[in-house]
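# Remarks on the overall topology
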Amino acid sequence: MDIILIPFLRLMIQAISLYKFMLFIYIILGWLEAFNIINRYNQFVYGTHNFLFRIIEPVLMPIRRIMPNFGGLDLSALVLIFGLHFIQDILIQIIIKFPS
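Because the structure is predicted, anything quoted here is derived from the model rather than measured.

The grouping of Phe-24, Ile-28, Trp-31, Phe-35 and Ile-37 at the surface amounts to a nonpolar patch, some 610 Å² of accessible area in total. Structurally, the position occupied by Ile-28 is in helix 1 (residues 2–34). What makes Ile-28 partly exposed here is its relative accessible area of 42%.

Following this line, the structure appears as structure tokens:
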């Protein structure tokens, strides 16, 4: 079972790392658009934002429903980062406990 489980867990860790990277890009892109540093009507910016929106917003929406309102301050992305980091640490501990 270690032949399949350990590589699968490593793949999951890498997927979570990639998702966290995309989340950081989404957050920074939103800030840059909000402060008019980049043009949101640019085709590349629009395509990138649309792609990241479709991947990240379905995960952020349930977190936003649960979290209290902080007066315009959206901390759902921070909660998601902490949650993903927690899951990643659990997977790493499983790999350490069952070395290949």
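Back to the write-up after that little detour.
Another point: the environment of Trp-31. As for its placement among the helices and strands, Trp-31 is situated in helix 1. Residue Trp-31 is classed as exposed on the basis of its relative accessible area, which comes to 55%. For the pair Trp-31 and Leu-73, spaced 42 residues apart in sequence, the C-alpha to C-alpha distance is 13 Å.

Our focus in this paragraph is unusual backbone geometry. With phi around 55 degrees, Asn-36 is a residue other than glycine that occupies positive phi space. With respect to the secondary-structure elements, Asn-36 resides in the loop between helix 1 and helix 2 (43–66). According to the relative accessible area criterion, Asn-36 is exposed, its value standing at 64%.

A rise of 1.5 Å per residue sets the reference length of helix 3 (residues 76–97), with its 22 residues, at 32 Å; its end C-alpha atoms lie 32 Å apart and thus fit the reference within 8%. Buried residues in helix 3 make contact with helix 1 and helix 2.

With respect to the helices and strands, Ser-76 occurs in helix 3. Residue contacts for Ser-76: discarding those within four places in its chain leaves Leu-60, Ile-63, Arg-64 and Met-67.

To continue, consider helix 2. If you check helix 2, its first and last C-alpha atoms are 34 Å apart, about what 24 residues at 1.5 Å a residue would give, namely 34 Å. Along helix 2, the sharpest kink reaches roughly 45 degrees, centred on Glu-57 and followed within four residues by the proline Pro-58. Turning to helix 2, its buried residues are Val-45, Leu-52, Ile-56, Glu-57, Leu-60 and Ile-63. Where helix 2 is buried, its residues contact helix 1 and helix 3.

In this structure, Tyr-19, Leu-23, Leu-52, Ile-56, Leu-60 and Leu-80 are the most contacted members of the largest nonpolar core, which totals 21 residues. Listing elements by their share of this core, those giving two or more residues are helix 1, helix 2 and helix 3. Per-element accounting of this core gives the leading share, nine residues, to helix 1. The residues touching Ile-56, leaving out its near neighbours within four places in the chain, are Tyr-19, Met-22, Leu-23 and Tyr-26.

Inspection of the secondary structure puts Glu-33 in helix 1. For the buried Glu-33, no salt bridge is present, and the opposite-charge side chain at shortest range is Arg-40, 4.6 Å distant. Not counting residues up to four positions away in its chain, the partners in contact with Glu-33 are Ile-38, Arg-40, Val-45 and His-49.

Thresholds, definitions, all that
- Residues numbered from 1 in each chain as written.
- Predicted model: local features only at pLDDT ≥ 70, side-chain atom pairs only at ≥ 80, totals over all residues.
- Heavy atoms only, no water.
- Patch = residues over 30% accessible without salt bridge, like charges linked within 9 Å, V, L, I, M, F, W, Y side chains within 5 Å.
- Areas by Shrake-Rupley, 256 points an atom, 1.4 Å probe, with all protein chains shown as cover.
- Salt bridge = Lys/Arg side-chain N within 4 Å of Asp/Glu carboxyl O.
- Helix = DSSP H or I, 4+ residues; strand = E, 2+ residues; numbered from the N terminus.
- Buried < 20%, exposed > 50% of the residue type's maximum accessible area, 1.4 Å probe, protein only.
- Expected span 1.5 Å × (residues − 1).
- Contact = heavy atoms within 4.5 Å.
- Bend = angle between axes of the 7 residues up to and from the residue.
- Core = buried A, V, L, I, M, F, W, Y, C linked by side-chain atoms within 4.5 Å.
- Lys, Arg positive; Asp, Glu negative; His and termini not counted.

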